[in-house]
Amino acid sequence: HKQLKAFPKDFLWGSASAAYQIEGAYREGGKGLSVWDKFVRIPGKTYEGTNGDVAVDHYHRYQEDVELMAKAGLKAYRFSIAWSRIFPEGNGKVNEEGVKFYDDLINDLIAHNIEPVVTIYHWDLPQALQDAYQGWESRKIIDDFVNYAKTLFEAYGDRVKYWVTLNEQNVFMQHGYLMASHPPAVTDPKRMYAANHIGNLANAAATKYFHEHHFQGKIGASFAYSPNYAVDADPENQLAADNAEQMNAYYWMDVYAYGRYPDVVRQWQIEQGIAPEIKPEDTELLEDPHSRPDFMGLNYYQTNTVQANPLKDGVGLAAENTSGKKGTAQESGIPGAFKSAENEHLQKTDWDWNIDPIGLRIALRRINSRYHLPVLITENGLGAFDTLEADHEIHDDYRIHFLREHVKAIHDAISDGVQVIGYTTWSFTDLLSWLNGYRKRYGFVYVNRDEESEKDLARYPKDSFYWYKQVIATNGEDL
Ligand code: BG6
């Protein structure tokens, strides 16, 4: 068996969340509306019409949640800031009450020796910016995003050492502009790539601002990377897997790390007539050394297996972008490039996601060898049905098993020589799954609510809570 290296002493064992999925209080504290506040009200968009109006009421219960984090021994907590709490209109006047909410949260975390990891953007764009100029489709968002990020750096930069700029740009762009399953619910690849390019410019500009102004700490984006496997050794299928890596992974991560798009994807976009416009000043900004991330944020849930997808006459790009499942449109396939295949070696979750701990080791190694950046694993976890027993216990051995195997994979990757700086699991408490309601649970802490009723929103630690506490206390030795 392989010789294992110890986890680094300062490894950030933690957990994660996102504002819309936990806070609630969607019209309190001076908050403006976000695109999600509006989108969830369109009939048929979310599971049984669930929304985050109350979510798990973290806005009012954050102190109780932080107490529980301290009880679990968390070293880090990743959360996102709701842009519309800081700027109700997206720009203009700052809402001091919103600034204070996160200020209090950050101070409370630090008082409990928990390192705050702050996500600047986790999908809840202020509706005002969508209305004013169509959000990510306008270059106007670049200045507004930098101004928002700068406000956060100035308010919290003395205490926050880890910043995540954008969460899963590949997911919110593809769901938003290809599959129409997230706001603004568009199905148009050309618009998707155009908005995505603007997203890259905003990301680079905020990162550059951070570095040029010498804020302490590290900054990077979190990418949802699902490594692609070929279904077998047929070179056509191997080529399909390479297409999937180029289009679904390098296309985003290369821009973060190197400031350029892969040639193979650029060429394909030009052929399809869907290439984004890249101005000379864009290239300058993207390639500026100050725009480079300090780490690669990795959200890892599963791998994809693909096979060749020969072009049929008259089949356009959007034709197969109809996956109802999680994942991105491009995961289900692009004619001429690749399409999904079953992987007979893997088991699946209750929501049909492949369970593949070795895939995490592969993801870490691929990121390391292509980008040579430290990796912060900003999400990983199991969405499952949990049962609250009469004594308020939750026996989630399936979650413990899932996480244990993934921690082992991280340990292996570290032993392979990959620099991994932390692991913030998804999620700490149960929370709202954007499209799947409240029954798809990820937390170490059960929250007593469901789709039908908010009940009492009481918090109950699950068996996995105590397991993780032990993992942290032994720095990953006792699994
Ligand atoms: C990631 C997101 O895509 O996966 C989270 O960053 C999300 O916000 C998580 O909740 C799990 O996805 P889902 O669809 O099961 O909620």
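Residues numbered from 1 in each chain as written. Predicted model: local features only at pLDDT ≥ 70, side-chain atom pairs only at ≥ 80, totals over all residues. Heavy atoms only, no water.

Looking at an unreviewed UniProt entry, one finds the protein chain named Beta-glucosidase and attributed to Lapidilactobacillus concavus DSM 17758. Entered under Sequence similarities (unreviewed entry) in the UniProt record, the comment concerning the protein chain runs "Belongs to the glycosyl hydrolase 1 family." (UniProt positions renumbered as here; feature names shortened; annotations may be inferred.)

Draft legend 1. The arrangement of the overall build of the protein chain in detail. The number of helices and strands found in the protein chain is 16 helices and 16 strands. Computed over its C-alpha atoms, the radius of gyration of the protein chain comes to 21 Å, within 12% of the 23 Å expected for a compact globule of 479 residues. Here the protein chain holds 479 residues, and the buried ones make up 62% of them. Surface exposure of the protein chain reaches about 18,200 Å², of which carbon and sulfur atoms provide 48%. If you average the places of the 48 positive and of the 69 negative side-chain charges in the protein chain, the two averages end up 1 Å apart. (Helix = DSSP H or I, 4+ residues; strand = E, 2+ residues; numbered from the N terminus. Rg over C-alpha atoms; globule rule 2.2 N^0.38 Å. Buried < 20%, exposed > 50% of the residue type's maximum accessible area, 1.4 Å probe, protein only. Areas by Shrake-Rupley, 256 points an atom, 1.4 Å probe, with all protein chains shown as cover. Lys, Arg positive; Asp, Glu negative; His and termini not counted. Charge placed at Lys NZ, Arg CZ, Asp CG, Glu CD.)

Draft legend 2. The arrangement of the UniProt feature "active site" (unreviewed entry) in the protein chain in detail. As recorded in UniProt, the feature "active site" (unreviewed entry) lies at Glu379. Locating Glu379 in the fold gives a position in strand S13 (residues 375–379). Residue Glu379 is classed as buried on the basis of its relative accessible area, which comes to 4%.

Draft legend 3. Quick peek at the sheet that holds strand S6 (residues 228–230). Taken in spatial order, the 4 strands make up an open sheet running S6-S8-S10-S9, and their pairing is mixed. The sheet terminates laterally at S6 and strand S9 (333–334), the two strands that pair on one side only. Sheet analysis places S9 next to strand S10 (residues 338–340), joined by 2 bridges and oriented antiparallel. Pairing of Gly333 across the sheet is with Lys339, part of S10. (Pairing = 2+ DSSP bridges.)

Draft legend 4. Representation of the sheet that holds strand S14 (residues 420–426). In space, the 8 strands of this closed barrel follow the order S1-S2-S3-S4-S5-S7-S13-S14, with parallel pairing throughout. On average, each strand axis in the sheet is tilted by 25° relative to the strand beside it, whichever way the strands run. Strand direction decides the pairing type here: strand S5 (residues 218–224) and strand S7 (residues 296–299), joined by 3 bridges, are parallel. From the neighbouring strand, Ala224 faces S7, where its bridge partner is Asn299. (Axes fitted to C-alpha atoms, helices over the stretch in contact; angles between N-to-C directions.)

Draft legend 5. The environment of Ser427, seen in detail. Tracing the chain through its elements places Ser427 in the loop between S14 and strand S15 (445–447). Aside from chain neighbours lying at most four places away, what touches Ser427 is Ser15, Ala16, Tyr442, Gly443 and Phe444. From its side chain, Ser427 meets the backbone oxygen of Thr429 in a polar contact 2.8 Å long. (Contact = heavy atoms within 4.5 Å. Polar contact = N/O pair within 3.5 Å; in protein donor to acceptor, adjacent residues only side chain to side chain.)

Draft legend 6. Molecular detail of the side chain of Ser34. Structurally, the position occupied by Ser34 is in the loop between helix H1 (19–22) and helix H2 (35–39). For Ser34, a relative accessible area of 1% puts it in the buried group. Apart from the residues lying within four places of it in its own chain, the contact partners of Ser34 are Ser84, Asp124, Leu125, Pro126 and Gln127.

Draft legend 7. Summary view of the packing of aromatic side chains. Using the criterion set out here, one finds 41 aromatic pairs in the structure. Ring centres of Tyr251 and Trp252 lie 5.2 Å apart, and the angle between their planes is 85°; on these two criteria the pair is classed as edge-to-face. In this pair, the class of Tyr251 matches that of Trp252, namely buried. The cationic tip of Arg85 hangs over the ring face of Phe101; the distance from NZ or CZ to the ring centre is 5.9 Å. (Phe/Tyr/Trp six-rings, centres within 6.5 Å; stacked < 30°, edge-to-face > 60°. Lys NZ or Arg CZ within 6 Å of the ring centre and 35° of its normal.)

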